[in-house]
Amino acid sequence: MLTNSLSFENLQMTIIRHPLIVSPEILVLDVVTLINQTQGNFGDWLNKDSKPLEDSTKEINSLTSQADSCVLVMENSKLLGIFTQRDLIKLTAEKKSLENVKIEEVMTTELVTLKIREFKDTFTALNLLKQHRIRHLPILGEQGEVIGLVTPASLLGVAIQQTRLYNYARVKLRERQRIETELRLERNLVSAILNVADALMIVLDFHGRIIRFNHTCEATTGYSFDEVKGKFIWDVLLLPEKTECIKALFENFAHRELPNRYETDLITKDGDRRIISWSNNFLLNHHDQIEYIVCTGIDITESRKVQEELQQTRNFLASMINNLPIAVFVKDAKPESFGTFKLWNQTCERIFGITAQEAIGKTDYEFSPKEQADFYRQKDQEAFSSGIPQDISEETLDSPNLGPRILHTTKIPLYDKNQQPEYLLCICEDITEYKQAEAALKESEQKFIYSIDIVKDIQNQKQGQEELKCQLAAIEAAIERERLVNMITQRIRESLDLQAILNATVVEVHKFLKVDRVLIFRTFPDGIGKVIAEALTPGYESIVDRSFPVQCFPKECYSRYVQGETYAFYDRNFHQSPSCLNKFMEDMQIRAKLVIPIIQHDMLWGLLIAHQCSHPREWKSVEIELLQQLGNQLAIATQQSGLYAQLQVELNERKKAEEQIFKALEKEKELSDLKSRFISMTSHEFRTPLAVIASSAGILKSFSHKLDEQQKQRHLQCIQTYVQHITQLLDNILLINKAEAGKLIFEPSDFDLVGFCQTLIDELQLIFPNHHLVFSPQYQGSSSDNNHFIVYMDNQLLRQILSNLLSNAVKYSSIGSNIQIDLLIEDQIVVFLIKDEGIGISLEDQQHLFESFYRGNNVGNTPGTGLGLTIVNKCVYIQKGRITFASRVGVGTTFRVELPLIVTDTFS
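The present account deals with the structure reproduced in this document. (Residues numbered from 1 in each chain as written. Predicted model: local features only at pLDDT ≥ 70, side-chain atom pairs only at ≥ 80, totals over all residues. Heavy atoms only, no water.)

## Observations concerning helix α19 (residues 498-513)
For α19, with 16 residues, the first-to-last C-alpha span of 22 Å sits near the 22 Å given by 1.5 Å per residue. Of the residues making up α19, those classed as buried are L498, I501, L502, A504, T505, V506, E508, V509, H510, F512 and L513. Phi turns positive one or two residues past the end of α19, at K514, with a value near 55°. (Helix = DSSP H or I, 4+ residues; strand = E, 2+ residues; numbered from the N terminus. Expected span 1.5 Å × (residues − 1). Buried < 20%, exposed > 50% of the residue type's maximum accessible area, 1.4 Å probe, protein only.)

## Quick notes on the pairing of strand β16 (residues 421-430)
Most of β16 is tucked away, with seven of its ten residues classed as buried. In terms of strand pairing, strand β12 (residues 327-332) meets β16 through six bridges, oriented antiparallel. Among the inter-strand pairings, V328 is bridged to a residue of β16, identified as I427. As paired strands, strand β15 (residues 403-415) and β16 are joined by nine bridges and run antiparallel to one another. In the strand pairing of β16, P413 is matched with L424. Counting the residues that bridge the hairpin from β15 to β16 gives five residues, and of these Q419 lies at a positive phi of roughly 60°. (Pairing = 2+ DSSP bridges.)

## A word on the environment of N632
Examined against the element boundaries, N632 turns out to sit in helix α22 (residues 621-703). A sequence separation of 34 residues divides N632 from I598, and the C-alpha atoms of the two residues are 6.6 Å apart.

## With respect to helix α4 (residues 85-93)
The complete set of buried residues in α4 reads D87, L88 and L91. For α4, the angular spread of the buried residues around the axis is 100°, confining them to a single face. Turned more than 90 degrees away from the buried face of α4 sit I89, T92 and A93, all of them exposed. In the segment just after α4, K95 is the residue with positive phi, at about 60°. (Arc of directions from axis to C-beta.)

## A few points about the packing of helix α24 (residues 753-767) against helix α25 (residues 795-811)
Two numbers describe a pair of packed helices, the interaxial angle and the distance between the axes. α25 packs onto α24 with a crossing angle of 40° between their chain directions and a minimal axis gap of 11 Å. By the angle between their directions, the pair α24 and α25 is classed as oblique. In this structure, the crossing between α24 and α25 has a hand that is right-handed. For the pair formed by α24 and α25, the contact residues are L753, F756, C757, L760, I761, E763 and L764 on the first element and N795, L798, R799, L802, S803 and L806 on the second. A class-by-class count of the residues in the contact of α24 with α25 yields nine nonpolar, two polar and two charged. (Axes fitted to C-alpha atoms, helices over the stretch in contact; angles between N-to-C directions. Parallel < 35°, antiparallel > 145°, perpendicular 65-115°, else oblique. Left-handed = near helix turned anticlockwise from the far one by under 90°. Contact = heavy atoms within 4.5 Å. Nonpolar A, V, L, I, M, F, W, Y, C, P; charged D, E, K, R; others polar.)

## Thoughts on the side chain of H510
Along the chain, the position of H510 falls in helix α19. Non-local contacts of H510, meaning those with residues more than four positions away in its chain, are made with V515, D516, R517, V518, A535, L536 and T537.

## Brief notes about the sheet that holds β12
If you trace the five strands from one edge of the open sheet to the other, you get β13-β12-β16-β15-β14, paired in antiparallel fashion. Edge positions in the sheet fall to β13 (341-344) and β14 (390-399), since each has one partner strand and no second. Averaged over neighbouring strand pairs, the angle between their axes works out to 25° when direction is ignored. On top of the sheet, helix α16 (residues 370-386) reaches β12, β14, β15 and β16; it is set at about 30° to β15, its chief contact.

## Examining the nonpolar core
Side chains of nonpolar character tend, in soluble globular proteins, to be buried together. The biggest cluster of nonpolar side chains holds 42 residues, and the ones touching the most others in it are L753, L823, F832, I834 and L899. Every element with two or more residues in this core is listed here: α24, β24 (772-779), β25 (790-793), α25, β26 (818-825), β27 (829-835), α27 (868-878) and β29 (892-900). With eight residues, the top contributor of residues to this core is α25. When sequence neighbours within four positions are dropped, the list of residues in contact with L899 reads M793, L798, I801, Q828, I829, V830, F832, V876, Q879 and G881. Counting residues in each nonpolar core, the second largest holds 31 residues, with V485, V509, V515 and L634 among its members. (Core = buried A, V, L, I, M, F, W, Y, C linked by side-chain atoms within 4.5 Å.)

Printed below as a string of structure tokens:
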């Protein structure tokens, strides 16, 4: 560790007093020989293993006496230049011949020097070395004479001595540091716990007083931490009627009987109620007694509101279905419960004589003979196999309440979001009266034919034939009208497609009335109207999809039509109407028109309109009655389509609400699992180091007089190591929380990528001397082929990525194994490949590798927190990079990290 304030003697120790000095006339090859001899002596010194470097002052002096592979070129005591090993490598790379080349021809003459009077601290020398990217800094006297050299190696000696002084100072201040460390650990631990997740987190003491209150709690309750600090939780956040119950729970803490999960109402500062789902955990002290209670809550108020609104919607839908004049029931279409009744309205109870309580959960086989139940089951399956509604035009039923009835049934298949059968909607209409009227009509026809025969006998043949033609024409018209009404009715029963029903209606009316235009005019609450269906004789202008302003449909017209009145207009030229109406009809090519209102729930839904454009027309009463019947049927169709659409909307809303509730439950479970893993990890990772620290501190306190200096240093080193371990753990947790909160930012700067990586790997090699870290940079792009590469990146994030990956590689690899670090520099990206020969990662663990606090099943007793790869992943993501890996259990793992590369400059 280098310090800024060194004594004069320490600064003098950093100066190499006897550097290699040569004259400018000496040959380069002789200088190379001289440098090689110096390196050989230095290499022999490095191989000595008698003692560690920091324990030997003699070896420090030997280190600072080396010239570090350079010579000073001087003449007449004047410094002319410098020649280093780097200059030699450059000459070799340029393939220059060194034969008979003098040192003055190749030496560096642009020198960076430091006056001895300016050499007041080590940072001055370090800044010059770093700023000019050199490794040798000549020190000059007041008269320009050479005093010596300063190099990184010479500065290292001072660093070693300063480390010894630092350790000595730590011994003197150990009590103060122990107290400060414990306070910092407690503060960081509480902060990390409170900010690890976006949930309400309240920390209570043993008596129920609030001692911590996270930001989510402040946002939810409206209270700041200062407002609730030290207060009992039931005095601030809970209902008065809950006070005694909560107090009773705290009285049972000695038995640890506080429920792990429960729900309660929370009162905000504004008096609002929020429903919170709580889960609790205990934090124990070193005596295994309850110290704190950590309460984690999730606000489920909105999900409860969704549930209540969903229940209200269900009740409304059930009431509406129950009051329909037609029988509606729903069957389950899932394979395991196919045909089971899920819904049974009141009309079903009246017609079939079976209550909803009796029908729900049962099938047709429990109410009908097997042959008839088989027929129902066949029709149900045909609906899903064909994908279209199935129609049973007539089926007889002996109703317990109504007697013999004739039913018309439509079965409509309903599918879930995955297009799998979900429900079968069945609609039954009692058509007994319609069939009876049809039979009566046929009987009347027979009687009429018989009457005609009698008339033929009593009247002359010509008169009889004329009357017969007229009567047959009337009968044919009546039959045609009945056919038209039946056809439209059948369409309504068979289809829920309202537009198809409307299109078919206007086409059939156009054929039957033989008019020029038939249309359906839709009215909207804002007074605007639009033509949504049209049948047109060729030669006239189409107005389908054309909208009409409020002026075309005044309020008095709306009031008349909503009362069910019809409007028959025979000829615009002979009808007393406002001039604006006549002008409008003239523009639309209308001579006569017939307007029938379509009423739905006492509201005007639209108009069924017939236009005669070519000539006037006297509208017959039968034509008006026909269109009125069709208007009533269209009203039923619109109501039926609206109910179906609303049913679909309600079902979709129900599914969405269920999905939201499911997601909320999944998120709660995930948060609970994450919290459990965090508490389990922190309990283990903090308890063991704190126990060791406490043990070592206790030994030093009680038996310091019995321990020699080496034993004291071992205990102090143990305390320092575990303090650093806990500090690093808290830093990792805070880093992850910072990234989750979006506060971890990308701060790039210019630096030498290869030098940065080499320095980091050298540091890690000192920490892990039992593994071999092999660094191999490769240039695969066209931008440079030099050994130094200035890039624009965030070196702090890069340090987090490499240090965590390399630490994991060493941690899970056997002693003596190789860790290969490949750096591949391309034009657009830089790629790091970290390959180890460790235990590998199983396929099951690979799916959760980047989750916080997750550790593989095969790590055994190897210590760890499960945070390293999470930090790596977030640092890579912030730099818009990509991380992948390949691993085999028992063989090893290779991580590949790709980061965007911006090259700013290169230098030799």
